[in-house]
Amino acid sequence: MLNLTLVDWLILLIYCFVAVGIGFALKPHMKTSSDFLLAGRALPAWICGLAFVAVNVGAPEVIGMGASGAKYGLEAAHIYGIGAIPAMIFLGLFMMPYYYGSKARSIPEFVGLRFDEKTRALNACLFAAMTVFSAGISLYAVARLIEGLHIFDALFYARGWPLGWIFGFSVVLAAALVMAYILLGGLAGAMYNQVVQFLLLVASLLPLVLLGLKGAGGWNGLRTSVAAVDPSLMHEWKGVMHAGTNPMGIDIIGIGMGLGFVLGAGYWCADFRVMQSAMAAKDMGSARRAPLIAAIPRMFFPFLLILPGLLAITLPTPHTTTVVREQNGIIYHETNVASKEAEAGKGLVPAKMDAVSGQVMLDAGGRPQLDYDMATPKLLLHYFPTGLLGLGITALLASFMGGMAGNVTAFNTVFTCDLYQAHIHKGASDGHYLAVGRWATVGCILLSVAAAFAAVQFNSILDTLQLAFALVNAPLLATVLLGMFWKRATGHGAFAGLIAGTIAALLHHGLTLPIAAHPGIHGGWIAIVHAYPSDMTQNLFTAICAFSANFIVTVVVSLCTKARVETEVLGLARVRAHIVWWKRPETLAVAILLAAVALNIFFY
Amino acid sequence: MKLDLRIPVGWMFTLCGLLLTFLGYSTSGNTELYGRCLGINVNLWWGLVLVVFGLSMLVLGYRAQKMLEKEPGGPR
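Remember, predicted model here, so these are calculated numbers, not experimental data.

Take the overall build of chain B next. When its secondary structure is counted, chain B shows three helices and zero strands. Counting across all 76 residues of chain B, residues that qualify as buried make up 33%. The long-range share in chain B, meaning contacts at least 24 apart out of those at least 6 apart in sequence, stands at 68%.

Here it is, written out as structure tokens:
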């Protein structure tokens, strides 16, 4: 099925060489725990900005946005527009001064400085669990991709190894590469690699989208062929007023509150996995510019990430065909065999197969379950010839590793600073903490390998990650926001709020279920009180529940407990730097906002 | 950090671009190979784009490195 030639392998090798090479080049600079965990706080704004956006363009984005594009259409672009852009601007303008200015090494440490140690420890534990889980999902996604594209099949055939081992083999291989460059280069190694991965991804998705659009007959051609499949997929905003009239089944309140505020801000303003890149900047100005710089590529990403999904469902579904032709009096029968999963699929999106029975998996409604995660990779295989295919596959694999690396570096910082140094072993030498940081890296990767094997149960990768995220980050956002902008918020309040938010998220997930899903891992494990039209809607409302519960409980408990003395509450002073107006972060922010509005009008 | 990221990035894209350009050049006119991508020799053209991008990264990276080394106090 997939025939990689020498050139494809060479491109993959060049990338691996560069990835590890960056680690070796940075190794001499890894002298203190700060060098290793915080990149010495010495990186320029553009690297921080690109790494900031690239850390989240891992598996969940590339595969997940392609999958969402095929499943929900252009509405998936909301995550970009309404969710990300305003949140990044808000972060750069208003929140970064507190994060960076507090000199905290991580978000849990910031929470500890602002509130108290118990809130910090609780947040650190929840966050650490989430990063291990997410790193595991990224690994799972790499292995699934390698399996789905049959990259190692020829090798395994030649050696006589069972094909069932490819998954495990790929997990270990990807984990080893990430471990190598993080152990060598620390956070800087991970961030440098994220920039490389980001550029590679653009370099391979851009020709893919251009070819796809040309093949579909330009933008208007795509519009007509999408309309033949499902006309609602081409609009970002049409039908948002009523849940029944848009493909995701969300109404305007769900989009506005859920995506725009809780998920977007929760991710971009309170998630240490992305924040660590901005916090590694060399000075306050660079730290504030990093999220703003990141917002620029972020605006154009729907084009590169969602369109492949849309293009994939509009192409004809492969069927087994036999062409009979006669040449020099001899009759040839050419049979083009399409696999069972491809034939049961929609467009290029194949159906899901049960690994045990070898049958197409059906949902509760009896229709074949579509494996939307394969939308982008299938389109890659459809259009790219050998050579460019090597580049495309390298970029996909690399971007998955980048997402995983972001989780690993966030874990090692939080573990070392907020759990080990704060609670297990205080006052040791810096060399000791450097060693702990390295061991935490190894530990996190081993745990995530285990999580990768456990992740096989889930349907859409993005939905899964958003669930973990709704449990951990949506409540944290309320804590951080109240901490920064309401000086009356107290430690007890934040602690109670965080617990209440997490429990509310769990309850909501346990009591609701997306339509056409079986109770269990997708929700409904307590009882089914309400059914949502899709996983994504359910996750949005889980996040809203978590955020609101935390917000209300924090406010109520804070008002009942004793406030801290005003001078103790940090970071309240805002220093305004004297810079030329066009260099100020505010100017950049306004320009980005205008561009985002223009894009939304265009795709209405 | 003393490593200008544009240098490894430049090398990577230049090498990959050269490989693709070479492959595209040696397979030009191969309709079977390029039938799937609408008959365009994408390897050749995209390879050239990558070479140009890679080389410009290299020029910028090495120039920045040189400027830093000229500054008093040595390279940073």
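Each partner contributes residues to the interface: chain B has 22 residues there, and chain A has 33 residues. The set of elements that each furnish at least two residues to the side of chain B that touches chain A consists of helix H1 (6–26), helix H2 (31–34) and helix H3 (42–70) of chain B. Per-element accounting of the side of chain B that touches chain A gives the leading share, nine residues, to H1(B). Residues of the side of chain B that touches chain A, tallied by class, amount to 18 nonpolar, two polar and two charged.

Below, the discussion takes up the packing of helix H3 (residues 45–54) of chain A against helix H12 (residues 272–279) of chain A. All names here are of chain A. At their nearest, the axes of H3 and H12 sit 8 Å apart, and the two run at 170° to each other. Relative to H12, the element H3 is oriented roughly antiparallel. Within the contact between the two elements, H3 uses Cys48, Ala51 and Phe52 and H12 uses Val274, Ser277 and Ala278.

Now for the packing of helix H7 (residues 117–149) of chain A against helix H16 (residues 388–424) of chain A. Residue and element names in this part refer to chain A. One can describe the packing of H7 onto H16 by two numbers: an axis separation of 9 Å at closest approach and a directional angle of 160°. Taken as axis vectors, H7 and H16 run roughly antiparallel relative to one another. Here the hand of the crossing between H7 and H16 comes out left-handed. A breakdown of the residues in the contact of H7 with H16 according to their chemical character gives 24 nonpolar, six polar and three charged.

Quick look at the confidence of the model for chain A now. Residue and element names in this part refer to chain A. With 80% of its residues at a pLDDT of 70 or more, chain A shows a mean pLDDT of 79. The lowest-confidence element of chain A is helix H11 (residues 252–270), averaging 66 in pLDDT; the highest-confidence one is helix H19 (residues 491–511), averaging 91. For residues 237–244, every residue scores under 50 in pLDDT, and the model assigns this stretch 15 contacts once sequence neighbours within four places are set aside.

Turning our eyes to something else, we now look at unusual backbone geometry. In terms of backbone geometry, most residues other than glycine have negative phi values and most peptide bonds are trans. Phi is positive for Lys103(A), which is not a glycine, with a value near 65°. Looking at the secondary structure, you find Lys103(A) in the loop between helix H5 (78–101) and helix H6 (107–114).

All names here are of chain B. Mean pLDDT over chain B works out to 81, with 89% of the residues at or above the 70 mark. By mean pLDDT, the top-scoring element of chain B is H1 (90), and the lowest-scoring one is H2 (74). Our summary of model confidence lists the complex with pTM equal to 0.83 and ipTM equal to 0.89.

With respect to burial, H6(A) is a largely interior element, seven of its eight residues being buried. Every buried residue belonging to H6(A) is among Ile107(A), Pro108(A), Glu109(A), Phe110(A), Val111(A), Gly112(A) and Arg114(A), and all of these are buried.

Conventions we followed
Residues numbered from 1 in each chain as written. Chains lettered and ligands numbered in written order. Predicted model: local features only at pLDDT ≥ 70, side-chain atom pairs only at ≥ 80, totals over all residues. Helix = DSSP H or I, 4+ residues; strand = E, 2+ residues; numbered from the N terminus. Buried ≥ 20, exposed ≤ 12 C-beta atoms within 10 Å, placed from the backbone. Contact = placed C-beta atoms within 7 Å. Nonpolar A, V, L, I, M, F, W, Y, C, P; charged D, E, K, R; others polar. Axes fitted to C-alpha atoms, helices over the stretch in contact; angles between N-to-C directions. Parallel < 35°, antiparallel > 145°, perpendicular 65-115°, else oblique. Left-handed = near helix turned anticlockwise from the far one by under 90°. pLDDT = per-residue confidence, 0-100.

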